[in-house]
Amino acid sequence: MAYQQPALSYSENALEPHISAKTIGFHYGKHHVAYITNYNNLVAGTPLDTLSIEEVIALTATDAQKVGVFNNGAQAWNHSFYWNCLTPNGGGEPSGELGAKITKDFGSFDKFKDELKAAAATQFGSGWAWLVLEGDTLKVVKTGNAQTPSTSGQKPILTIDVWEHAYYLDFQNRRPDYVAAVIDNLLNWSFAAENFKNASVA
Ligand code: MN
């Protein structure tokens, strides 16, 4: 079934001054759309067409013949997830069960932030930094290019896109400044709490 791009829950300029309307215009309006268009074209008329995008990602992750389907499908999914990880007036610290679990597994919220910043900064080339639940433990991981944690049995809680197209118009080469701005001002902890709740009961 054709994958539809989810609508943004905020306007394109709502994340300014940290992420500009111009960046969202290209990133959501061009890059993400291209991944979705490519994915839909690649699966159309094939047996994969009857599956959800999550099922296609899982099925194609280790199939060398399907690398194009995987790359475009995983990028389509990763970006839909990323848009929900951002919100105007976000940032701050999570409360409730997720806040307590971060303190338990990382030592403190500041230590978690340091790990996330380090993962984002040290991902060589294009990719993603993630907070995931693996088994019963929260972890920070990074993935290259289109790779996505679900194919490693990890449940995504939050992500930051660290492909250059995510920050170059606003921060040029200063990826750490983009990551800090996202963490401090834009992370959507209520979306993360919902993911944590669902991941914990699943
Ligand atoms: Mn991107």
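Computed from a predicted structure; not experimentally measured. (Residues numbered from 1 in each chain as written. Predicted model: local features only at pLDDT ≥ 70, side-chain atom pairs only at ≥ 80, totals over all residues. Heavy atoms only, no water.)

A few words now on the pattern of salt bridges. The tally for this structure, following the rule as stated, stands at four salt bridges. Between Asp-105 and Lys-101 there is a salt bridge; the shortest N-O distance is 3.1 Å. Of the two residues, Asp-105 and Lys-101 both sit in helix H4 (residues 96-106), four residues apart, roughly one turn of that helix. A residue is classified by how much of its surface remains accessible, and Lys-101, at 11% relative accessible area, is buried. Among the salt bridges present, the one from Arg-174 reaches Asp-177, with a minimum N-O distance of 3.0 Å. By relative accessible area, Arg-174 is classed as partly exposed at 36%. Given a relative accessible area of 36%, Asp-177 falls into the partly exposed group. (Salt bridge = Lys/Arg side-chain N within 4 Å of Asp/Glu carboxyl O. Helix = DSSP H or I, 4+ residues; strand = E, 2+ residues; numbered from the N terminus. Buried < 20%, exposed > 50% of the residue type's maximum accessible area, 1.4 Å probe, protein only.)

On to the side chain of Asn-72, then. Structurally, Asn-72 is set in helix H3 (residues 67-85). When neighbours within four sequence positions are excluded, Asn-72 is seen to be in contact with Ala-34, Tyr-35, Asn-38, Tyr-39 and Leu-42. (Contact = heavy atoms within 4.5 Å.)

Turning to helix H2 (residues 53-60), its buried residues number three or more, namely Ile-53, Val-56, Ile-57 and Thr-60. End-on view of H2: buried residues confined to an arc of 100°, all on one side of the axis. Structural note: H2 exposes Ala-58 and Leu-59 on the side pointing more than 90 degrees away from its buried face. Next to the buried residues of H2 lie helix H1 (21-43) and H3. (Arc of directions from axis to C-beta.)

Look at the link from Glu-16 to Pro-17: it is a cis peptide, with omega at 5°. One non-glycine residue, Asn-145, lies in positive phi territory at about 50°. Along the polypeptide, Asn-145 turns up in the loop between strand S2 (137-144) and strand S3 (155-161). At Gln-172, a residue that is not glycine, the phi angle is positive and equals roughly 50°. By secondary structure assignment, the location of Gln-172 is in the loop between helix H6 (168-171) and helix H7 (175-185).

Here the focus is the environment of Gly-68. Turning to its location among the elements, Gly-68 is positioned in helix H3. Separated by 89 residues in the primary sequence, Gly-68 and Ile-157 place their C-alpha atoms 26 Å from one another.

Per the stated rule, a full pass over the model turns up 15 aromatic pairs. With 6.0 Å between their ring centres and 35° between their planes, Trp-128 and Trp-130 make a pair best called tilted. For the pair Trp-128 and Trp-130, one class covers both residues: buried. Note on Tyr-167 and Tyr-178: the rings are 5.2 Å apart at their centroids and 25° apart in plane angle, and the pair reads as stacked. With Tyr-167 in the loop between S3 and H6 and Tyr-178 in helix H7, this pair connects stretches of sequence that are 11 residues apart. Counting every residue linked through ring pairs, the aromatic cluster contains Tyr-28, Trp-77, Phe-81, Tyr-82, Trp-83, Trp-128, Trp-130 and Phe-191. (Phe/Tyr/Trp six-rings, centres within 6.5 Å; stacked < 30°, edge-to-face > 60°.)

Packed helix pairs are specified by the crossing angle of their axes together with the interaxial distance, meaning the distance between the axes. The geometry of H2 relative to H3 is characterised by a closest axis approach of 9 Å and an angle of 140° between their N-to-C directions. Between H2 and H3, the interaxial angle falls into the category oblique. Crossing angle aside, the handedness with which H2 passes H3 is left-handed. Here H2 contributes Ile-53, Glu-54, Val-56, Ile-57 and Thr-60 to the contact with H3, which in turn contributes Val-69, Phe-70, Gly-73, Ala-74, Ala-76 and Trp-77. Along the lines of polarity and charge, the residues of the contact of H2 with H3 split into eight nonpolar, two polar and one charged. (Axes fitted to C-alpha atoms, helices over the stretch in contact; angles between N-to-C directions. Parallel < 35°, antiparallel > 145°, perpendicular 65-115°, else oblique. Left-handed = near helix turned anticlockwise from the far one by under 90°. Nonpolar A, V, L, I, M, F, W, Y, C, P; charged D, E, K, R; others polar.)

By themselves these figures say nothing about function.
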